[in-house]
2 protein chains.
Amino acid sequence: MENLGAEDVERLRAIYEPLTVAVRELVDATIRTEADAEAVATARAEIEAATARLRSRQLDGPFGVRFGSDGSQMPWGNAVIGLRNPLAPPVSLRPLPGGGRQADFHLGAAYEGPPGHVHGGVAALILDHVLGEAACASAFDKPRLTGTITLRYRRITRLGDLHAEAAIVRTEGVKTFTAGHLSDADGITVEAEGVFIAPRWARD
Amino acid sequence: MENLGAEDVERLRAIYEPLTVAVRELVDATIRTEADAEAVATARAEIEAATARLRSRQLDGPFGVRFGSDGSQMPWGNAVIGLRNPLAPPVSLRPLPGGGRQADFHLGAAYEGPPGHVHGGVAALILDHVLGEAACASAFDKPRLTGTITLRYRRITRLGDLHAEAAIVRTEGVKTFTAGHLSDADGITVEAEGVFIAPRWARD
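All values derive from a computational prediction rather than experimental measurement.

1. Comments concerning the environment of A:Ile156
Link 1 in the chain: Note on placement: A:Ile156 falls in the loop between strand E5 (145–153) and strand E6 (160–172).
Link 2 in the chain: As a C-alpha pair, A:Ile156 and A:Gly194 span 38 residues in sequence and 21 Å in three-dimensional space.

2. Remarks on the packing of helix H1 (residues 6–32) of chain A against helix H1 (residues 6–32) of chain B
Link 1 in the chain: Interhelical geometry of H1(A) versus H1(B) gives an angle of 165° and a closest axis separation of 11 Å. The angle between the axes of H1(A) and H1(B) places the two elements in the roughly antiparallel class. When you trace H1(A) past H1(B), the crossing you get is left-handed. Within the contact between the two elements, H1(A) uses A:Leu19, A:Thr20, A:Val23, A:Leu26, A:Val27 and A:Thr30 and H1(B) uses B:Leu19, B:Thr20, B:Val23, B:Leu26, B:Val27 and B:Thr30.
Link 2 in the chain: For the contact of H1(A) with H1(B), the residue count by class is eight nonpolar, four polar and no charged.

3. A short note on the relation of the copies chain A and chain B
Link 1 in the chain: It takes a turn of 180° to lay chain A on chain B, together with a shift of 0.0 Å along the axis; the resulting RMSD is 0.0 Å. In short, the pair behaves as if placed about a two-fold rotation axis. Scanning chain A for the C-alpha nearest the rotation axis identifies A:Thr150, at a separation of 2.1 Å.
Link 2 in the chain: Residue by residue, 100% of the interface of chain A is reproduced at the interface of chain B, so both copies engage with the same surface.

4. Structural notes on the interface of chain A and chain B
Link 1 in the chain: Of the residues lining the interface, 78 residues belong to chain A; the matching set on chain B comes to 78 residues.
Link 2 in the chain: Where chain A abuts chain B, roughly 7100 Å² becomes buried across the two surfaces, and 63% of that area is made up of carbon and sulfur atoms.
Link 3 in the chain: Counting across the chain A and chain B interface gives six salt bridges.
Link 4 in the chain: Notably, a salt bridge pairs B:Arg55 with A:Glu25, separated by 2.7 Å at the nearest N-O pair.
Link 5 in the chain: Taken together, chain A and chain B are joined by 45 residue pairs in polar contact (both at pLDDT 80 or more).
Link 6 in the chain: For the side of chain A that touches chain B, the elements supplying multiple residues, two or more each, are H1, helix H2 (37–55), helix H3 (120–138) and E5 of chain A.
Link 7 in the chain: Bridging between E5(A) and strand E5 (residues 145–153) of chain B involves five bridges; their strand directions are antiparallel. Bridge pairing in E5(B) links A:Leu151 to B:Ile149.

5. Brief notes about the pairing of strand E8 (residues 187–197) of chain B
All names here are of chain B.
Link 1 in the chain: In terms of strand pairing, E5 meets E8 through eight bridges, oriented antiparallel. Directly across from threonine 146, in E8, lies its bridge partner phenylalanine 196.
Link 2 in the chain: Across ten bridges, strand E7 (residues 175–184) lies against E8 in antiparallel orientation. Bridge pairing links phenylalanine 177 to valine 195 in E8.

6. A look at the pairing of strand E4 (residues 101–107) of chain B
All names here are of chain B.
Link 1 in the chain: Where burial is concerned, most of E4 is hidden: five out of the seven residues are buried.
Link 2 in the chain: Where strand E3 (residues 94–95) and E4 come together, two bridges link them in antiparallel fashion. Residue pairing across strands places arginine 94 opposite glutamine 102, the latter belonging to E4.
Link 3 in the chain: From the end of E3 to the start of E4, which pair antiparallel, there are five residues, and glycine 98 there has a positive phi angle of about 90°.
Link 4 in the chain: Strand direction decides the pairing type here: E4 and strand E6 (residues 160–172), joined by seven bridges, are antiparallel.

7. Quick notes on the nonpolar core
Link 1 in the chain: By size, the foremost hydrophobic cluster in this structure holds 112 residues, and its most contacted members are A:Phe105, A:Leu107, A:Leu151, B:Phe105, B:Leu107 and B:Leu151.
Link 2 in the chain: Not counting residues within four places of it along the chain, the set of residues in contact with A:Leu107 comprises A:Pro89, A:Val118, A:Val122, A:Ile126, A:Leu159, A:Gly160 and A:Leu162.

8. Digging into the confidence of the model for chain A
Do not read the fine detail of predicted coordinates wherever pLDDT is low.
Link 1 in the chain: In this model, chain A carries an average pLDDT of 92, and 95% of its residues clear a pLDDT of 70 or more.
Link 2 in the chain: Both confidence scores are given for the complex: pTM 0.95, ipTM 0.95.

9. A closer look at the sheet that holds E6(A)
Link 1 in the chain: Judged by pairing direction, the sheet is antiparallel, and its twelve strands sit side by side in the order E3(A)-E4(A)-E6(A)-E7(A)-E8(A)-E5(A)-E5(B)-E8(B)-E7(B)-E6(B)-E4(B)-E3(B) without closing on themselves. Since the sheet does not close on itself, it has two edges, and those belong to strand E3 (94–95) of chain A together with E3 of chain B, each with one partner.
Link 2 in the chain: Both E6(B) and E7(B) contribute to a ladder of nine bridges, which runs antiparallel. Directly across from B:Glu165, in E7(B), lies its bridge partner B:His181.

10. Topic: the packing of aromatic side chains
Residues and elements named next belong to chain A.
Link 1 in the chain: According to the stated counting rule, one finds two aromatic pairs over all chains in the structure shown.
Link 2 in the chain: Between phenylalanine 63 and tryptophan 76, the aromatic rings sit 6.4 Å apart at their centres with planes inclined by 20°, giving stacked as the arrangement. Taken together, the residues span a long stretch of sequence, with phenylalanine 63 in the loop between H2 and strand E1 (66–67) and tryptophan 76 in the loop between strand E2 (73–74) and E3 at a distance of 13 residues.
Link 3 in the chain: For the cation-ring pair, arginine 84 lies above tyrosine 16, with the distance from its terminal atom to the ring centre recorded as 3.8 Å.

11. Topic: the pattern of salt bridges
Residues and elements named next belong to chain A.
Link 1 in the chain: Counted according to the given criterion, the structure contains 28 salt bridges over all chains.
Link 2 in the chain: As a salt-bridge pair, arginine 11 and aspartate 8 come within 3.8 Å of each other at their nearest N and O atoms. Here aspartate 8 and arginine 11 lie together in helix H1, a separation of three residues that amounts to about one turn.
Link 3 in the chain: A relative accessible area of 46% places arginine 11 in the partly exposed class.

12. A word on the environment of B:Glu112
Link 1 in the chain: Mapped onto the secondary structure, B:Glu112 falls in the loop between E4 and helix H3 (120–138).
Link 2 in the chain: Taking relative accessible area as the criterion, B:Glu112 reaches 1% and is therefore assigned buried.
Link 3 in the chain: A C-alpha to C-alpha distance of 16 Å links B:Glu112 and B:Ser183, two positions 71 residues apart in sequence.
Link 4 in the chain: Once residues lying within four places of it in the same chain are set aside, the contact partners of B:Glu112 are A:Pro62, A:Phe63, A:Gly64, A:Gly77, A:Asn78, A:Ala79, B:His117, B:His119 and B:Leu159.

Conventions adopted
- Residues numbered from 1 in each chain as written.
- Chains lettered and ligands numbered in written order.
- Predicted model: local features only at pLDDT ≥ 70, side-chain atom pairs only at ≥ 80, totals over all residues.
- Heavy atoms only, no water.
- Helix = DSSP H or I, 4+ residues; strand = E, 2+ residues; numbered from the N terminus.
- Axes fitted to C-alpha atoms, helices over the stretch in contact; angles between N-to-C directions.
- Parallel < 35°, antiparallel > 145°, perpendicular 65-115°, else oblique.
- Left-handed = near helix turned anticlockwise from the far one by under 90°.
- Contact = heavy atoms within 4.5 Å.
- Nonpolar A, V, L, I, M, F, W, Y, C, P; charged D, E, K, R; others polar.
- Least-squares fit on C-alpha atoms with pLDDT ≥ 70 in both.
- Buried area = accessible area lost by both parts, 1.4 Å probe.
- Salt bridge = Lys/Arg side-chain N within 4 Å of Asp/Glu carboxyl O.
- Polar contact = N/O pair within 3.5 Å; in protein donor to acceptor, adjacent residues only side chain to side chain.
- Pairing = 2+ DSSP bridges.
- Buried < 20%, exposed > 50% of the residue type's maximum accessible area, 1.4 Å probe, protein only.
- Core = buried A, V, L, I, M, F, W, Y, C linked by side-chain atoms within 4.5 Å.
- pLDDT = per-residue confidence, 0-100.
- Phe/Tyr/Trp six-rings, centres within 6.5 Å; stacked < 30°, edge-to-face > 60°.
- Lys NZ or Arg CZ within 6 Å of the ring centre and 35° of its normal.

So, in structure tokens, the structure goes:
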């Protein structure tokens, strides 16, 4: 699974991404279903059959990060962006004009805290990732780990279509300071600032 | 689904909790599978059949919070503790001697960030919830929303069996200050402090 060529990566994506999409739908249906005991038992048997089939050949541990032969990363198991992780909304990052990273994504029933609203910790989960990616981008894609992050909640965030963005504020040696926010159609709901640190093994 | 008696609550739990447990297993298998394209396609068909069955009768929106006739809350859709939410590890909270809340739980492949380790944002997700619950406990279970939370990462946290706890530091009017941490077998990995605020409608 290492040093895969671009065609191999696309072949694997074509096999596994639709599976992840199907499981994300199932997660939503699991939370919202009002089906009766018999229908739920039948669905459970189908799910257990699928799980056994998938587990017939599997990795010993978590997915980790694989690399393409061009050095590209495949963080497919990642909890926020992983294309093989049904827990990831997923968040798909793109450059923010002027530097930084931004993403538009949808959060449904699986991300609920207060009724009808995003769990405060889910806002933290996503902002941690977006601020961290903005910090990495400054370092030519060298890894950065969260040192400290602070989140200020202006108001609760409705479940639905959301936006997040972050950019670098300044850099001091191995520390990169970034700031960003989460917003819905009516404006900013959560502000974040963080300090991200180059791990020892990734320093020059 | 409102003002359910204790027997109704137990009946619903017996129907839906095993479904959630099965979907959590499927999420893990989806990330770790190395099954070939044909096996994955068959599993996907089984999953889509289960989803259609569950969606044949479902809530229009997210789960929200239901209430038992004794006033007990059923936050079954919650992203951290929900017994009907496959994304929730789940975290099950219990009192911390001397006040506060604690939980022991397991994080597997679905919660990965750095290879083999907990996503920094997942640590934030769980600590936000544990600190918030510690704040609510002080207010005789009145709701509290996150105002501000700060997380300090001492080191990265290995996936596996983990512990989180939080307690109240002080209270000032509608604000409750709590602090806590995440730890593994070798000690504390992430420290957190937060300010939780009573929403207007829940003030005396």
